[in-house]
Amino acid sequence: MHIDRRAFLATLGSAAVVESMSSEARADALEHYLIAQLDKAPAAKTSDVRSGTGALFGGPSPSGVRVPLAALAPMPDQPTLVDFLRLRGTPGIGNHILQSAGDALKKGEPEETVLACLLHDFVLNLMKPDHGWWGAQMMEPYVPEKVSWAIRHHQALRFYADSSVGYEYPELYVRIFGKDYVPAPYIKASYETARKHKWYMDARMITVHDLYAFEPGVKVSIEPFLDIIGRHFRQPKEGLGFDGSPVAHMWRTLNYPNNPL
Ligand SMILES: [Fe+2]
Ligand SMILES: [Fe+2]
């Protein structure tokens, strides 16, 4: 705890009184002062939901903004990825992933990279902590292995610069995590694994296009991506959530976010 020396001395009285105190008495007074400060410390900021709650469930954005919940449109019986993108994402996340895929498309990236950008943060609607891992798992049965690998590792790579492609530590992260933030050891380990991997650049490019995907007022349509989705996303005929895959429950949870159990 930071000790305001002047404020502490002022609680003891005049300079003459302080001078006359034994060092034990001063130590006792300091202890009382510190305990009193602890009692005064502001309570941790509270919210109706924990920060990790997915955005579709009313959770705040990573930078803390909460979007009011809107009524959800019904989903088709066999929902596709496009149905989920259109009907089960909050506007902020939807706009961000479309902008990032749009930037990748505009700059001539391979279709798999465009798809990875389009899907990289969709899971934030469901769950925020470790979204790289959650997001990769959610997409894994349906996309090329390289795409889910890139989604998994983009989370860690966001914390590490790579000047070879003009990627710097994001200003947004200084605001979210504070300026002296050191990523947890598991994030560092994920970064180090990715750095040595043959698909490193596939994950890295998600982070590069991410930088151009927070433009206020810019709206990107999903239309330019429909063919890419058709070619690279294995849409199950039963619909996402009903295909018996190991991650079907994640899609169902987004489909029915108001189910009580
Ligand atoms: Fe992300
Ligand atoms: Fe992102």
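Computed from a prediction, not measured in an experiment: that's the story for all the values here. (Residues numbered from 1 in each chain as written. Chains lettered and ligands numbered in written order. Predicted model: local features only at pLDDT ≥ 70, side-chain atom pairs only at ≥ 80, totals over all residues. Heavy atoms only, no water.)

1. A few points about the packing of aromatic side chains
One pass over the full model with this rule turns up 13 aromatic pairs. Relative to Tyr 186, the ring of Trp 133 lies with its centre 5.7 Å away and its plane at 50°, an arrangement referred to as tilted. Separated by 53 residues along the polypeptide, Trp 133 in helix α7 (residues 131–139) and Tyr 186 in helix α10 (residues 185–195) bring together distant segments of the chain. Centre to centre, the rings of Phe 159 and Tyr 181 are 5.8 Å apart; their planes meet at 40°, and the pair counts as tilted. Note that Phe 159 is positioned in the loop between α8 (145–157) and α9 (171–177) and Tyr 181 in the loop between α9 and α10, a separation of 22 residues in sequence. Through a chain of ring-to-ring contacts, the aromatic side chains of Phe 84, Phe 122, Tyr 142, Phe 233 and Trp 251 assemble into a single cluster. Across the ring face of Tyr 212, the terminal group of Lys 107 is positioned such that the distance to the ring centre comes to 3.6 Å. Over the ring of Tyr 200 we find Arg 195; its NZ or CZ atom is 4.3 Å from the centre of that ring. (Phe/Tyr/Trp six-rings, centres within 6.5 Å; stacked < 30°, edge-to-face > 60°. Helix = DSSP H or I, 4+ residues; strand = E, 2+ residues; numbered from the N terminus. Lys NZ or Arg CZ within 6 Å of the ring centre and 35° of its normal.)

2. With respect to the coordination of the iron ion (ligand 1)
Distances from the iron ion (ligand 1) to its protein donors, Asp 121 (OD), His 131 (NE2) and His 154 (NE2), fall within 2.1 to 2.2 Å. As a motif over one chain, the donors of the iron ion (ligand 1) read D-x9-H-x22-H. Here the iron ion (ligand 2) and the iron ion (ligand 1) are spaced 3.7 Å from one another, each receiving a donor from Asp 121. Here His 154 lies in helix α8 and His 131 lies in helix α7, a separation of 23 residues in the sequence. Classification of His 154 as buried rests on a relative accessible area of 1%. (Donors = N, O, S within 2.8 Å, 3.2 Å for Na, K, Ca; no water. Buried < 20%, exposed > 50% of the residue type's maximum accessible area, 1.4 Å probe, protein only.)

3. A closer look at unusual backbone geometry
Despite not being glycine, Asp 130 shows a phi value in the positive range, around 55°. Inspection of the secondary structure assignment puts Asp 130 in the loop between α6 (111–119) and α7.

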